[in-house]
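# Per-entry structural report
Chain by chain, the residues run as shown.
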There are 2 protein chains.
Amino acid sequence: MQNQKEVAIVGSGLVGSLLAIFLRKQGHKVTIFDRRPDVRLVEFSGRSINLAMSNRGWKALREAGIEDEIRELALPLDKRAMHVDDKPVYFQKYGEDGEAIYSISRGILNRKMIDLAEEAGAKFRFEEKIWDVDLPNAKLYTGESEKSVWKEYKFDLIFGADGAFSRTRHKMQRQSRFNYSQHFIDVGYKELTIPANADGSHKLDNASFHIWPRGNFMLIAMPNLDGSFTCTLFMPFEGDVSFESIQTEQQADQFFEQYFPDIKDEISNLKRDFFKNPTSAMVTIKCYPWSYFDKITLVGDSAHAIVPFYGQGMNAGFEDISVLNEKMNQHGDNWEIIFEEYQRERKPNTDAIAELSYRNFVEMSSKTADPSFLLRKKIEKKFAQKYPELWVPLYSRVTFSDKAYSDALDIGDYQRGIMDEVMKIPGIEETWDSEEVELKIKDLLNK
Amino acid sequence: MQNQKEVAIVGSGLVGSLLAIFLRKQGHKVTIFDRRPDVRLVEFSGRSINLAMSNRGWKALREAGIEDEIRELALPLDKRAMHVDDKPVYFQKYGEDGEAIYSISRGILNRKMIDLAEEAGAKFRFEEKIWDVDLPNAKLYTGESEKSVWKEYKFDLIFGADGAFSRTRHKMQRQSRFNYSQHFIDVGYKELTIPANADGSHKLDNASFHIWPRGNFMLIAMPNLDGSFTCTLFMPFEGDVSFESIQTEQQADQFFEQYFPDIKDEISNLKRDFFKNPTSAMVTIKCYPWSYFDKITLVGDSAHAIVPFYGQGMNAGFEDISVLNEKMNQHGDNWEIIFEEYQRERKPNTDAIAELSYRNFVEMSSKTADPSFLLRKKIEKKFAQKYPELWVPLYSRVTFSDKAYSDALDIGDYQRGIMDEVMKIPGIEETWDSEEVELKIKDLLNK
């Protein structure tokens, strides 16, 4: 255990709540500030994408001693269910037997995490907005408004867990030599719902991650415990088929009928949510340094917001906390070293998952209909299944392992180089299943 | 002329003052706000790099009708003077006969530009800091402090000319879908001075841009009208030879003696400034969009701050104003179109000069001592001199033309591809001067 510190966490989201549990275990006094009301007392916002918990997330929860409680909220999905135009639904297994991602409602998980952090002894101060942070003195200033009289709090340590639009980071950003970028993609998303059947059962297979890929837009659906599905429509903000182009009930009817015929019974629900729920933007945020001496550090989205196309946003944030905890165990009360090693170890990894997530967006947008791309995936998959010791697919490295994201990116690039060569084999469309192709891959792997 | 508008410009720097002159010519009422005092009434800050006015800058000044006044403040430099270790100084001409860049003191130029803007009828409000901008209503809020009572100003149009750390952009940055990045380099700079001789003459050749390249650091010197030189020391913040490593008088003596023996008589001056003047950071800033409907747009560094290694920061900012003025002349009172076309035309060009400036930093830092790099430059130069119609060097495209920066970047990359091939010729170190090499270049150009 470390010497007790007065610690503030800004933000009561998933990562902030998890961090609170770890800090309580280390013996610290923990206060969590959030500008929003207690999520346990309000309705959900209708702007959330269901979460896909995978290995890195589970590892952190296990270390926190709360894995079992969270498992009860989650549904395992061991495959994708592809809804491609007029074809019948077909399934793609994610990994080996027993490997699955876990669908969890963000709101339900957040409520539970706050309960658990509170049980662990963390204090929450909801509806108290941070207006300013005094970095060198670890002071927070809260109040009714930017111009009202502020309340001052003095802490030993402050953790910014306040998300992509972090006020804590915002303050750090005004320092010289602070690198920062925010890059929005031209695609937005909207939460939609498919309700449960009358008997509470799911309307679609509830052990699958459902995808309707449609070129430059797509719909996904993930099951909830109550029999419903949380769907997310990803679509360009502007253009031919876009959020901007669907303004009337009639346009919405036509859109859902034309592109999602196999769930057309759900149109009235989808349409209701389409006009009720907001359209949200997606952003990649990078910055460095994350820490200010032994006073302040950033965790989760405030340090590295990513686009959601690899399902790793929460997992990467939870892994931050795993690593922080490891550093606390290693370095005792030397917080400057803890923060320094934490940021140095995490930065290349969160850059890597940002890159992989963005690439998945490009891939899903433009390549899922490309026969050459699909063939490449088929060859890779066959080889990986036959020689699992020679070829772990990138998706599995990211999702079903806790090895560094940056290694996953590097090895993925290396594998892509090999597949580029393989795809150059004349007549590969016919010979893809042959021993020749297999030997070629082995040969390239030996180089 | 356009219909008269109430216009605010935030920032009384070079670009803001130039814009004021153009807007006055178009018949608008112009108020310029600056949080700093009037630069005409205060001493200079000691953190400035002399400016190198080149074609794009002169073009804008000519259009504003103030070229002649500014020429009087400038000294033409038609060559680099290279101070390389123990060798005697040697000279590299910048371009054709008559082509030169022009050394101007930033402070002196700024004072003059404010005079000229004031003569043109612009009103200045110095020491009045903008705390907030209401984007949709084009309102500015100023006051003593962030929490004091603010004064509200309503305008028709607001131009953010408030530099790399723009308050105007800062407000735009909080919008969704606003892309932004700030990237600092690990090298800082410091202003130093070599005073005039007793008779007012220059101590070094005053028609040269002086460079002391020293691997990962360098000193430059540019002449002023009063016989002095404004020098800039570029050096890593941390490391073996760095700003951090020079803390005592003795360390400074040793540094200047060891690395700059040909100006060792100046050590006491250099050293005085070294400890008096601040060490400043350098940043590349990119953002988009620059405009908010028909209300607000960004100009100069607030839209696109770049590192100074191509001498194009001010030139790019002045070119913004040229282009804005062109759009005003084309589109009359349609400010939404003016702002939209302005940003769309400028963005790829300012991205290009940002990239070229950063590359020049890398080149100057790591390649000026690389024999293969120097040979490549020599071959290129010889070919360009012999066949000026076939090969305009990148530097000349950027500096002595007003063609798009983005074309300069593209053509530069194309030329680099050709030179990569040329450098692969076996024994190029011996044959570089041969007809064979010349033919090879021509051959590659014909492909």
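The shown structure was predicted, so the numbers you read here are calculated from the model rather than taken from an experiment. (Residues numbered from 1 in each chain as written. Chains lettered and ligands numbered in written order. Predicted model: local features only at pLDDT ≥ 70, side-chain atom pairs only at ≥ 80, totals over all residues. Heavy atoms only, no water.)

### Remarks on the overall build of chain A
Counting its regular elements, chain A contains 15 helices and 19 strands. Since a compact globule built from 447 residues should have a radius of gyration of about 22 Å, the 23 Å found for chain A is in line with a globular shape. Reported as C-alpha extents along the three principal axes, the dimensions of chain A are approximately 70 × 60 × 40 Å. Taken across its 447 residues, chain A has 54% of its residues classed as buried. A fraction of 70% describes how many contacts in chain A between residues 6 or more apart in sequence connect residues 24 or more apart. Per element, the accessible surface of chain A, about 19,700 Å² overall, is 48% carbon and sulfur. Separation of charge centres in chain A, based on 59 positive and 71 negative side chains, amounts to 4 Å. (Helix = DSSP H or I, 4+ residues; strand = E, 2+ residues; numbered from the N terminus. Rg over C-alpha atoms; globule rule 2.2 N^0.38 Å. Buried < 20%, exposed > 50% of the residue type's maximum accessible area, 1.4 Å probe, protein only. Contact = heavy atoms within 4.5 Å. Areas by Shrake-Rupley, 256 points an atom, 1.4 Å probe, with all protein chains shown as cover. Lys, Arg positive; Asp, Glu negative; His and termini not counted. Charge placed at Lys NZ, Arg CZ, Asp CG, Glu CD.)

### Things to note about the packing of helix α6 (residues 249-259) of chain B against helix α7 (residues 267-276) of chain B
Residues and elements named next belong to chain B. With their axes 10 Å apart at the nearest point, α6 and α7 run at an angle of 130° to one another. Accordingly, the angle class assigned to the pair α6 and α7 is oblique. Remark: the crossing between α6 and α7 carries right-handed chirality. Touching Glu249, Ala252, Asp253, Phe256 and Glu257 of α6 are Ile267, Leu270, Lys271, Phe274 and Phe275, all from α7. Along the lines of polarity and charge, the residues of the contact of α6 with α7 split into six nonpolar, no polar and four charged. (Axes fitted to C-alpha atoms, helices over the stretch in contact; angles between N-to-C directions. Parallel < 35°, antiparallel > 145°, perpendicular 65-115°, else oblique. Left-handed = near helix turned anticlockwise from the far one by under 90°. Nonpolar A, V, L, I, M, F, W, Y, C, P; charged D, E, K, R; others polar.)

### Here's the deal with the interface of chain B and chain A
Taken together, the contact pairs 24 residues of chain B with 24 residues of chain A. Summing the contributions of chain B and of chain A, the shared interface buries around 2,100 Å²; its carbon and sulfur component is 39%. For the interface between chain B and chain A, the tally reads four salt bridges. For the salt bridge of arginine 177 of chain B with glutamate 238 of chain A, the shortest nitrogen-to-oxygen distance reads 3.1 Å. Summed over the shared surface of chain B and chain A, the result is 15 residue pairs in polar contact (both at pLDDT 80 or more). Listing elements by their share of the side of chain B that touches chain A, those giving two or more residues are α5 (167-173) and β13 (179-194) of chain B. Element by element, the count of residues in the side of chain B that touches chain A is highest for β13 of chain B, at seven residues. For the side of chain B that touches chain A, the class distribution of residues is eight nonpolar, nine polar and seven charged. Sheet analysis places strand β13 (residues 179-194) of chain A next to β13 of chain B, joined by three bridges and oriented antiparallel. (Buried area = accessible area lost by both parts, 1.4 Å probe. Salt bridge = Lys/Arg side-chain N within 4 Å of Asp/Glu carboxyl O. Polar contact = N/O pair within 3.5 Å; in protein donor to acceptor, adjacent residues only side chain to side chain. Pairing = 2+ DSSP bridges.)

### Observations concerning the pattern of salt bridges
The tally for this structure, following the rule as stated, stands at 74 salt bridges over all chains. The residue glutamate 266 of chain A makes a salt bridge to lysine 203 of chain A at a minimum N-O spacing of 3.1 Å. With glutamate 266 of chain A in the loop between α6 (249-259) and α7 (267-276) and lysine 203 of chain A in the loop between β13 and β14 (208-213), this residue pair connects regions lying 63 residues apart in the sequence. Notably, a salt bridge pairs aspartate 420 of chain B with arginine 376 of chain B, separated by 2.7 Å at the nearest N-O pair. In this pair, aspartate 420 of chain B is assigned in helix α13 (residues 405-423) and arginine 376 of chain B in helix α11 (residues 371-386), connecting sequence segments 44 residues apart. Within the structure, one salt-bridge network assembled from shared partners comprises Asp38, Arg40, Asp115 and Glu118 of chain A.

### Here's the deal with α11 of chain B
All names here are of chain B. Compared with an ideal rise of 1.5 Å per residue, which puts 16 residues at 22 Å, α11 spans 23 Å between its outermost C-alpha atoms and is within 8% of the ideal. What α11 keeps buried is the set Phe373, Leu375, Arg376, Ile379, Glu380, Phe383 and Ala384. Projected onto a plane normal to the axis of α11, the buried residues spread over an arc of 165° and lie on a single side. Seen from the buried face of α11, the exposed residues on the opposite side, beyond 90 degrees, are Pro371 and Gln385. Residues of α11 that are buried make contact with α10 (335-366), α13, α14 (428-431) and α15 (435-446). (Expected span 1.5 Å × (residues − 1). Arc of directions from axis to C-beta.)

### What about the nonpolar core?
One recurring pattern in soluble globular proteins: nonpolar side chains tend to sit buried together. Counting residues in hydrophobic clusters, the biggest one holds 146 residues, and the most contacted among them are Phe159 of chain A together with Phe159 of chain B. When neighbours within four sequence positions are excluded, phenylalanine 159 of chain A is seen to be in contact with Val7, Ala8, Ile9, Val10, Leu19, Leu23, Thr297, Val299, Leu324, Trp335 and Phe339 of chain A. (Core = buried A, V, L, I, M, F, W, Y, C linked by side-chain atoms within 4.5 Å.)

### Notes on the domain arrangement of chain A
Once the domains are mapped, chain A shows domain 1 (6-75 + 105-182 + 282-360), domain 2 (183-281) and domain 3 (370-446). Here the C-alpha centre of domain 3 of chain A lies 32 Å away from the C-alpha centre of domain 2 of chain A. (Domains from an automatic or database assignment.)

### Examining the sheet that holds strand β9 (residues 130-134) of chain B
Residue and element names in this part refer to chain B. Read from one edge to the other, the open sheet built from three strands follows the order β9-β10-β11, with strand pairing classed as antiparallel. Strands at the two margins of the open sheet, each flanked by one partner only, are β9 and β11 (151-154). Each strand of the sheet is rotated relative to its neighbour by a mean of 20°, with strand direction disregarded. One ladder, built from four bridges, connects strand β10 (residues 139-142) with β11; its direction is antiparallel. Following the sheet pairing, lysine 139 is matched in β11 by lysine 154.

### Description of the side chain of aspartate 273 of chain A
Residue and element names in this part refer to chain A. Relative to the helices and strands, aspartate 273 resides in helix α7. A polar contact is formed between the side chain of aspartate 273 and the side chain of arginine 272, at a distance of 3.1 Å. Residues within four places of aspartate 273 in sequence aside, it is in contact with Lys190, Glu191, Leu192 and Thr193.

### Quick word on the relation of the copies chain B and chain A
Note on the copies: chain B fits chain A at an RMSD of 0.0 Å, the axial shift is 0.0 Å, and the rotation between them is 180°. Viewed as a symmetry operation, the transformation between the two copies matches a two-fold axis. For chain B, the smallest separation between a C-alpha atom and the rotation axis is recorded for serine 181 of chain B, amounting to 1.9 Å. Most of the interface of chain B is mirrored in chain A, where 100% of its interface residues again form contacts. (Least-squares fit on C-alpha atoms with pLDDT ≥ 70 in both.)

### Thoughts on the side chain of lysine 139 of chain B
Residues and elements named next belong to chain B. On the secondary structure map, lysine 139 appears in strand β10. A polar contact is formed between the side chain of lysine 139 and the side chain of glutamate 152, at a distance of 3.5 Å. Not counting the four nearest positions on each side in its chain, lysine 139 is found in contact with Asp132, Val133, Asp134, Glu152, Tyr153, Lys154 and Ile158.

### Some points on helix α13 (residues 405-423) of chain A
Its 19 residues place the ends of α13 of chain A 26 Å apart at the C-alpha level, agreeing with the 27 Å of an ideal helix rising 1.5 Å per residue. Of all the residues in α13 of chain A, the buried ones are Tyr405, Ser406, Ala408, Leu409, Gly412, Gln415, Ile418, Met419, Val422 and Met423 of chain A.

### What about unusual backbone geometry?
All names here are of chain A. Of note, the bond from tyrosine 288 into proline 289 is cis; its omega dihedral lies within 30 degrees of zero at 0°. Non-glycine residue alanine 138 carries a positive phi angle of around 50°. With respect to the helices and strands, alanine 138 occurs in the loop between β9 (130-134) and β10 (139-142). Residue alanine 138 is classed as buried on the basis of its relative accessible area of 0%.

### Remarks on the sheet that holds β9 of chain A
Residue and element names in this part refer to chain A. The strand order β9-β10-β11 describes an open sheet built from three strands, whose pairing is antiparallel. Edge positions in the sheet fall to β9 and β11 (151-154), since each has one partner strand and no second. Ignoring strand direction, the axes of neighbouring strands in this sheet form an average angle of 20°. In this structure, β9 lies alongside β10, joined through four bridges in antiparallel fashion. Opposite isoleucine 130, over in β10, you have threonine 142 as the bridge partner.

### Considerations on the environment of lysine 347 of chain A
Residues and elements named next belong to chain A. With respect to the secondary-structure elements, lysine 347 resides in helix α10 (residues 335-366). Judged by relative accessible area, lysine 347 falls into the buried class, the value being 16%. A sequence separation of 57 residues divides lysine 347 from tryptophan 290, and the C-alpha atoms of the two residues are 8.7 Å apart. Among all residues touching lysine 347, those that are not within four sequence positions of it are Lys286, Cys287, Tyr288 and Trp290.

### Points about the environment of tyrosine 288 of chain B
All names here are of chain B. Along the chain, tyrosine 288 falls in strand β17 (residues 280-288). In this structure tyrosine 288 comes out as partly exposed when scored by relative accessible area, which is 23%. Contacts of tyrosine 288, omitting those with residues within four sequence positions, involve Arg177, Phe178, Asn179, Gln343, Arg344 and Lys347.

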